[in-house]
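Analysis of the macromolecular model
What follows is the residue order along each chain.
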Amino acid sequence: MSIYSELILDHYQHPRNFGKIDRPTKTAKVSNPLCGDEVELCVKIAKGKVVEAKFKGKGCAISIASSSMLTQYIKNKSELELKNLDKEFMIKMLGIELGVNRIKCALLPLEALKKL
Amino acid sequence: MTSCYKMNKLKKDFPIFNNNPKLTYLDSTATSLKPKSVIDKLVEYYSQYSANIFRGVYKISEKATEEYEETRKIVADFINARKDAEIVFTRNTTESLNLIAYSLGREIVDKDDEIVTTIMEHHSNFVPWQVLCLEVGASFKVIDINDKGYLDLELDDIKYKKSNIKNTYQILKKIVTEKTKILTLTYISNVLGTINPVKEIIAAAKKINPKIITIIDAAQAVPHLKVDVQDLGCDFLVFSSHKMLGPTGVGVLWGKENLLKEMFPFMYGGEMINEVYIDRTIFKDPPHKFEAGTPAIGEVIAFKEAIKYLKTIGMDKVREHEKKLALFCLKILRREFGNRLKIFGPIDENDRGGAIAFSFGKYHPHDIASILDEEKIAVRAGHHCAMPLHNRLGVNATVRASFYIYNDENDIERLIKGLKKVEKILA
């Protein structure tokens, strides 16, 4: 099965929550120098919950789609819920099988999230 | 293009194609595939005489020693070394370069001295020298490239081809000085594919500074064209077995005998000593002085089968084949994709080897490589261990397709089909 599923391609071609938030509560930027991928994640938190999440960045389809899907997911989630997100969650969310090298692309936004 | 199809027949000698019939392997610059004769030789050693070398006085150890030393002879002959003793077996090109940096570099390079290299080097011929310079306070000088992918020796393409000692000297004089202790450069770029006029550069450098030590990283050259160390006039030349049909775990360091004799060992231990006392040790002569510990015996033994295979084809034919494939690939890439695809490195196939790096539209190299992989096409995506070069080119990563003797036009046509699929999926 192709890793370029309809869902992945949709989020790559039409990334959700792309951009910056005005006066975000937290921001984090991560990059992978091996391929030059970059993800900058910013969130606005109110009463312990994410009210807004956006990302900016450049990279491959997998890292863009992964960032897009993650920013959608974390809206209205509590900070505790964010802490529980892990690699397994990301793989399930993306719904594709990735090899040892490409998994790094998919996990880049999670890395940014953990740095918030 | 008839010879390409004729060469295609070689695929049957490579068992990997029996096990992966649809594989289009375009990553020989990273590592080459192995013919059956090499694999058989490995099995022969491990199943018939897998003893350690040198120490044993029994038959199978003597057999293993003879086989091991025979490879040294065949390697020496292959690159026209004056003596077998000038061939040192290491783990790979990287270890060969580090050995020179440690054993010779740290002896001869002092504060205010210079080491000269180029921006198109693989990290293994860049970082060891950069670190050495930082350690001792020497100056690290890097020859740039021009926009066409040639070393920036201020020669345009036509002059580059006809470059001779006289004009190379004029330009190199601005970079290489009497303080330059070492000039180290690649023969063929693993990204741009550029074949550097190393003979002319060495001659010019030696004219400026007769004491200069010249080192050639020939990891991408020895597998692909005829290399004659005496003709090139360098002091050291290094390469790896695994990029030229041989096993992994074997590198070659060729050095002039007098230099190897003067150098300190890189590692101490078994095999490399004559006598050990509590207060001192007497080392063996080269090459054994540099081969501490049990080496990759079976792999060295099988390496000679790779050289025999290449010699049967003939290195001139190998080069001719790759030139034809490069020309075919460059032409068809331009025809099919025009400006959407940017090729890095010389566009003249006479000046380049069989590695073609490119960027394609807005598509990320990782996505291109993944989609090609779904079509069983193996290419490489990334900076190919040449980050300074990619920074110079202004890109984070490229896709690289590279050819060897077992490739043919069909492989390139499959690549084109694969790239069309990339456009279809990601556009």
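Looking at an unreviewed UniProt entry, chain B carries the name Cysteine desulfurase, with the source organism given as Candidatus Roizmanbacteria bacterium GW2011_GWC2_37_13. A UniProt comment under Function (unreviewed entry) is attached to chain B, and it reads "Catalyzes the removal of elemental sulfur and selenium atoms from L-cysteine, L-cystine, L-selenocysteine, and L-selenocystine to produce L-alanine." Among the UniProt annotations of chain B, the heading Cofactor (unreviewed entry) holds the following wording: "pyridoxal 5'-phosphate".

Per an unreviewed UniProt entry, chain A goes by the name Nitrogen fixation protein NifU and belongs to Candidatus Roizmanbacteria bacterium GW2011_GWC2_37_13.

A count of helices and strands for chain B gives 16 helices and 15 strands. Radius of gyration (C-alpha) of chain B: 22 Å, near the 22 Å computed for a compact globule of 427 residues. On the principal axes, the C-alpha backbone points of chain B span a range of 70 × 55 × 35 Å. The proportion of buried residues among the 427 residues of chain B is 51%. The contacts of chain B with a sequence gap of at least 6 include a subset with a gap of at least 24, amounting to 71%.

Another point: the sheet that holds strand β14 (residues 380–382) of chain B. Residues and elements named next belong to chain B. Taken together, four strands build an open sheet; the order of strands is β11-β12-β15-β14 and the sheet is antiparallel. Both edges of this open sheet fall to β11 (341–343) and β14, since each of them pairs with a single strand only. Across the sheet, the mean angle separating the axes of adjacent strands is 30° when strand polarity is ignored. The strands touched by helix α13 (residues 315–337) within the sheet are β11 and β12 (355–360), with β11 carrying the most contacts at an inclination of about 150°. Sheet contacts for helix α14 (residues 365–374): β12, β14 and β15 (398–402); angle to β14, the most-contacted strand, approximately 160°.

Residue and element names in this part refer to chain B. Packing of helix α4 (residues 59–78) against helix α12 (residues 297–313) leaves a shortest axis separation of 8 Å and a crossing angle of 40°. Taken together, the axes of α4 and α12 are oblique relative to one another. Regarding α4 and α12, the two cross each other, and that crossing is left-handed. Contact residues: A64, E67, Y68, E70, T71, I74, V75 and F78 in α4; I297, V300, I301, F303, K304 and I307 in α12. Here the contact of α4 with α12 is built from residues that sort into ten nonpolar, one polar and three charged.

Listed by partner, the interface residues are twelve residues for chain A and 13 residues for chain B. Residues belonging to the side of chain A that touches chain B are distributed by class as follows: eight nonpolar, three polar and one charged.

Here the focus is the domain arrangement of chain B. All names here are of chain B. Under the domain assignment, chain B is made up of domain 1 (45–311) and domain 2 (314–426). Measuring from the centre of the C-alpha atoms in domain 1 to the corresponding centre in domain 2 gives 28 Å. Taken together, the contact between domain 1 and domain 2 spans 25 residues of the former and 25 residues of the latter.

The next thing to look at is the pairing of strand β1 (residues 26–32) of chain A. All names here are of chain A. In this structure, β1 lies alongside strand β2 (residues 37–46), joined through seven bridges in antiparallel fashion. Note on β2: the bridge partner recorded for N32 is D37. Where β1 folds back onto β2 in an antiparallel hairpin, the turn is made up of four residues, including G36, whose phi is positive at roughly 80°.

A word on the sheet that holds strand β6 (residues 213–217) of chain B. Residue and element names in this part refer to chain B. Taking strand neighbours across the sheet as the criterion, the seven strands line up as β2-β8-β7-β6-β5-β3-β4 in an open arrangement whose pairing is mixed. Edge positions in the sheet fall to β2 (87–90) and β4 (139–143), since each has one partner strand and no second. This sheet shows a mean twist of 20° between the axes of neighbouring strands, independent of strand direction. Inspection of the sheet shows strand β3 (residues 114–118) paired to strand β5 (residues 180–186) by three bridges, in the parallel sense. Following the sheet pairing, E114 is matched in β5 by T180.

The next thing to look at is α12(B). End to end, α12(B) covers 26 Å across 17 residues, agreeing with the expected 24 Å (1.5 Å per residue, within 8%). Counting buried positions over the 17 residues of α12(B) gives 13, a clear majority of the element.

Scoring rules and cut-offs
Residues numbered from 1 in each chain as written. Chains lettered and ligands numbered in written order. Predicted model: local features only at pLDDT ≥ 70, side-chain atom pairs only at ≥ 80, totals over all residues. UniProt positions renumbered as here; feature names shortened; annotations may be inferred. Helix = DSSP H or I, 4+ residues; strand = E, 2+ residues; numbered from the N terminus. Rg over C-alpha atoms; globule rule 2.2 N^0.38 Å. Buried ≥ 20, exposed ≤ 12 C-beta atoms within 10 Å, placed from the backbone. Contact = placed C-beta atoms within 7 Å. Pairing = 2+ DSSP bridges. Axes fitted to C-alpha atoms, helices over the stretch in contact; angles between N-to-C directions. Parallel < 35°, antiparallel > 145°, perpendicular 65-115°, else oblique. Left-handed = near helix turned anticlockwise from the far one by under 90°. Nonpolar A, V, L, I, M, F, W, Y, C, P; charged D, E, K, R; others polar. Domains from an automatic or database assignment. Expected span 1.5 Å × (residues − 1).

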